[in-house]
Amino acid sequence: MSEHILEIDASQFDHLVGKAPLAVVDFYSDECPPCEALAPKYEALASVYGEDVKFVKIFRQKNRELAESLGVKGSPSVLFFRDGQRVGETLSGGIRRSSLQNQLDTLVGPEKAQALRAMETSRETRCDVLVVGAGPAGLTAALYAAQAKASVIVVDGALAGGAMGSTHQIANYPGFAKPVPGWQLAENFREQASQAGVQWRLASEITRLDLGDRSAVIDGLETIRAKKIVLAMGTSPRALGVPGEKELLGKGISTCATCDAKYMVDKDVVVIGGGDAALEESQLIAQFARKVTIVHRRDEFRAKPQLVEAAAANPKIEFLMETRPTLFRKNGDEMEVELLSPSGEVQTHRAGGVFLFVGMLPNVDLARDHLEFAPDGTVQVDEWRRTNVPHVFAVGDLVSKPVRQVTMAVADGTVAGIMAARELSEN
Ligand SMILES: Cc1cc2nc3c(=O)[nH]c(=O)nc-3n(C[C@H](O)[C@H](O)[C@H](O)COP(=O)(O)OP(=O)(O)OC[C@H]3O[C@@H](n4cnc5c(N)ncnc54)[C@H](O)[C@@H]3O)c2cc1C
């Protein structure tokens with residue numbers, strides 16, 4: 001650990017943090033992937049800001065009373081202090097370097113911040129395979145390449161797991177007799193890849209990606225040069241294009257049940273969509289909500305029949321078929337959704353929250369200039385998941401496929417990981 005970081009316990013807190021002019025405290029835990037993702041960033045920033053700010057780490061599991069007294073509920077949680085008083089925002093979860101650095105800049109003041117930023121040195125790292133995206137496709141490609149003795153770095157703007165990691169339960173991934181929570185499956189994937197030697201840059205921003213010279217700049221400071229690149233950035237929720245949707249996203253409208261279902265206790269909820277995600281995630285929302293109304297524009301669901309049957313059997317879930325939303329607006333704490341029925345009538349439906357599950361779009365913005373695309377907007381690849389750019393592969397939901405499932409993502413990652421390693425050994 002950096003000489004600028006002090007590991008302390010609760011008994012030293014008042015003396016060391018309470019009396020420091022400026023301090024930052026990281027409450028961390030064991031076996032905590034977001035804590036592991038934060039550790040190198042905390043160290044790097046300690047070596048820049050450590051002369052001016054006291055950097056402290058506290059093991060949360062052994063100092064619970066102190067953590068609770070400071071309102072710390074999860075690990076990691078990073079707290080900022082000026083003259084013993086809490087200042088700024090508490091950071092938690094998958095903490096990005098830029099978020100931490102912005103808070104440190106505020107702590108030291110603009111002039112000092114500018115001087116310290118000027119001292120930061122950039123560095124260059126080389127690897128055989130750079131994987132962009134740590135969902136099941138990227139994690140599998142990384143695993144296969146690393147097991148074939150390639151040096152592999154995986155970078156993700158979030159933590160490992162992708163859409164799989166934020167799915168409530170996965171009941172169809174082979175090898176698990178009972179449904180497995182998405183985060184657990186993600187952690188198994190990550191741990192297995194770590195054991196194979198994969199290196200991580202998680203909760204990190206790719207500030208530039210050049211597929212031509214196969215380099216990526218991470219957090220504006222580290223340039224990674226790779227012999228092969230595997231693109232595995234998955235998809236993002238598609239927008240409906242209905243008035244009010246953009247403005248109210250995150251303020252009454254959500255696309256993530258795992259994140260927001262818990263806020264729906266005893267509320268009426270509207271779910272828009274008719275595919276697997278809409279039907280599956282409605283079950284999770286119904287665990288909290290009083291009632292869930294699934295609104296679907298067609299007269300039949302696209303979802304798997306067993307998901308439709310399960311939703312129909314849930315007394316808290318209702319269906320409104322051949323109906324589409326035409327407007328979202330807020331009325332106090334409530335959402336109002338204008339719904340157009342098959343008869344052409346528009347009715348206002350009140351809800352505590354609205355969830356949209358209306359399809360996904362490939363995340364290709366980072367690499368748009370270089371790649372060829374299929375008509376559906378996915379990245380064009382051959383049977384080995386090679387793109388038109390030499391040495392660059394694309395896998396998972398980024399690539400056209402009849403169904404988007406973890407098993408399909410894993411299959412793509414397998415093919416690309418094996419081929420990337422094979423090409424490396426041939427050169
Ligand atoms: C709500 C929901 C429920 C689902 N339920 C199931 C299920 O029960 N069973 C099943 O088999 N499948 C399910 N799926 C589908 C499954 O999760 C996906 O098919 C699978 O996760 C795709 O894997 P992927 O690796 O291609 O992409 P993703 O899992 O989407 O991972 C992409 C990763 O890339 C990262 N990324 C994106 N852009 C960048 C960038 N610019 N820089 C760095 N990183 C970036 C993202 O942060 C993410 O971690 C579900 C999907 C959803 C949305």
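Because the structure is predicted, anything quoted here is derived from the model rather than measured.

### Description of the overall build of the protein chain
When its secondary structure is counted, the protein chain shows 13 helices and 24 strands. Relative to its length of 427 residues, the protein chain is compact, with a C-alpha radius of gyration of 24 Å against a globular reference of 22 Å. Taking the principal axes of the C-alpha coordinates as reference, the protein chain spans close to 70 × 60 × 45 Å. The buried share of the protein chain, taken over its 427 residues, is 41%. The long-range share in the protein chain, meaning contacts at least 24 apart out of those at least 6 apart in sequence, stands at 67%.

### With respect to the environment of Thr 140
For Thr 140, the position within the fold is in helix H6 (residues 136–147). Spatially, the C-alpha atom of Thr 140 lies 21 Å from that of Leu 366, the residues being 226 residues apart in sequence. Residue contacts for Thr 140: discarding those within four places in its chain leaves Val 410, Gly 413, Thr 414 and Gly 417.

### Quick word on the site of the ligand
Contacts to the ligand come from 36 residues, most closely from Gly 133, Gly 135, Gly 162, Gly 234 and Gly 396. Contributing elements (two or more residues each) for the shell around the ligand: H6, helix H7 (162–165), helix H11 (276–286) and helix H13 (406–426). Each residue belonging to the shell around the ligand can be placed in one class, and the counts come to 18 nonpolar, 13 polar and 5 charged. When residues of the shell around the ligand are assigned to domains, at least three map to each of domain 2 (123–236 + 361–426) and domain 3 (245–356).

### Some details on the nonpolar core
Within the largest apolar cluster, 90 residues are counted, with the highest numbers of intra-cluster contacts made by Ala 142, Val 230 and Leu 231. By residue number, the principal contributor to this core is H6, which donates 8 residues. Two domains each put at least three residues into this core: domain 1 (5–119) and domain 2 (123–236 + 361–426). Within the second largest apolar cluster, 31 residues are counted, among which are Ala 261, Phe 328, Val 337 and Ala 351.

### Details of the sheet that holds strand E18 (residues 317–320)
Here 5 strands make up an open sheet; going across it, the order is E15-E22-E16-E17-E18 and the pairing parallel. For this open sheet the edge positions go to strand E15 (253–254) and E18, each flanked by a neighbour on one side alone. The sheet contact formed by strand E16 (residues 268–272) and strand E17 (residues 291–295) spans 5 bridges and is parallel. Looking at E17, one finds that Val 270 is bridged to Thr 293. Docked against the sheet, H11 engages E16, E17, E18 and strand E22 (353–356), running at close to 165 degrees with respect to E17.

### Examining the environment of Met 233
Tracing the chain through its elements places Met 233 in the loop between strand E13 (222–231) and strand E14 (235–237). Each C-alpha atom, one on Met 233 and one on Met 360, is 12 Å from the other, the two residues being 127 residues apart in sequence. With residues near it in sequence (within four places) discarded, Met 233 still touches Val 132, Gly 133, Asn 363, Leu 366 and Leu 398.

### A look at the sheet that holds strand E20 (residues 334–340)
Across the sheet, 3 strands lie side by side as E19-E20-E21; this open sheet has antiparallel pairing. Single-partner strands in this sheet number two, and they are strand E19 (324–331) and strand E21 (346–351). With direction set aside, neighbouring strand axes in the sheet form an average angle of 25 degrees. Summarising the sheet, E19 and E20 pair through 7 bridges and their orientation is antiparallel. For Phe 328, the partnering residue across the bridge sits in E20 and is Val 337.

### Observations regarding the packing of helix H2 (residues 33–49) against helix H4 (residues 97–108)
Closest axis-to-axis distance for the H2/H4 pair is 10 Å, and the angle between their directions is 25 degrees. Judged by the angle between their axes, H2 and H4 are roughly parallel. Like other packed secondary-structure pairs, H2 and H4 cross with a definite hand, here right-handed. For the pair H2 and H4, the contacting residues are Lys 41, Leu 45 and Tyr 49 in the first and Arg 97, Leu 100, Gln 101, Leu 104 and Val 108 in the second. Split into classes, the residues belonging to the contact of H2 with H4 amount to 5 nonpolar, 1 polar and 2 charged.

### As for H4
Taking 1.5 Å as the rise per residue, H4 with 12 residues should run 16 Å; its terminal C-alpha atoms sit 16 Å apart, in good agreement. Buried residues of H4: Arg 97, Leu 100, Gln 101, Leu 104 and Leu 107, and no others. Taken around the axis of H4, the buried residues stretch over an arc of 115 degrees, which confines them to a single face. Gly 109 lies just past H4 and shows a positive phi near 95 degrees.

### Re the packing of H11 against helix H12 (residues 305–313)
Packing of H11 against H12 leaves a shortest axis separation of 9 Å and a crossing angle of 35 degrees. Relative to H12, the crossing made by H11 is left-handed. Within the contact between the two elements, H11 uses Asp 276, Leu 279, Glu 280, Ser 282 and Gln 283 and H12 uses Leu 307, Val 308, Ala 310 and Ala 311. Residues belonging to the contact of H11 with H12 are distributed by class as follows: 5 nonpolar, 2 polar and 2 charged.

### Here we look at unusual backbone geometry
Leave glycine aside and you will find that most residues have negative phi; peptide bonds, for their part, are mostly trans. Cis geometry is adopted by the peptide bond preceding Pro 76, which originates at Ser 75 and carries an omega value of -5 degrees. The phi dihedral of Asp 83 falls on the positive side, at around 50 degrees, and the residue is not glycine. Position of Asp 83 among the secondary structure elements: in the loop between strand E4 (77–82) and strand E5 (85–92). By the C-beta count within 10 Å, which is 11 here, Asp 83 ends up exposed. A positive phi angle, close to 65 degrees, is found at Arg 385, a residue other than glycine. Looking at the element boundaries, Arg 385 is found in the loop between strand E23 (360–362) and strand E24 (392–394).

### A short note on the domain arrangement of the protein chain
Domain boundaries in the protein chain define domain 1 (5–119), domain 2 (123–236 + 361–426) and domain 3 (245–356). For domain 2 versus domain 3, the separation of C-alpha centres amounts to 32 Å.

Scoring rules and cut-offs
- Residues numbered from 1 in each chain as written.
- Predicted model: local features only at pLDDT ≥ 70, side-chain atom pairs only at ≥ 80, totals over all residues.
- Helix = DSSP H or I, 4+ residues; strand = E, 2+ residues; numbered from the N terminus.
- Rg over C-alpha atoms; globule rule 2.2 N^0.38 Å.
- Buried ≥ 20, exposed ≤ 12 C-beta atoms within 10 Å, placed from the backbone.
- Contact = placed C-beta atoms within 7 Å.
- Near = placed C-beta within 6 Å.
- Nonpolar A, V, L, I, M, F, W, Y, C, P; charged D, E, K, R; others polar.
- Domains from an automatic or database assignment.
- Core = buried A, V, L, I, M, F, W, Y, C linked by C-beta atoms within 7 Å.
- Pairing = 2+ DSSP bridges.
- Axes fitted to C-alpha atoms, helices over the stretch in contact; angles between N-to-C directions.
- Parallel < 35°, antiparallel > 145°, perpendicular 65-115°, else oblique.
- Left-handed = near helix turned anticlockwise from the far one by under 90°.
- Expected span 1.5 Å × (residues − 1).
- Arc of directions from axis to C-beta.

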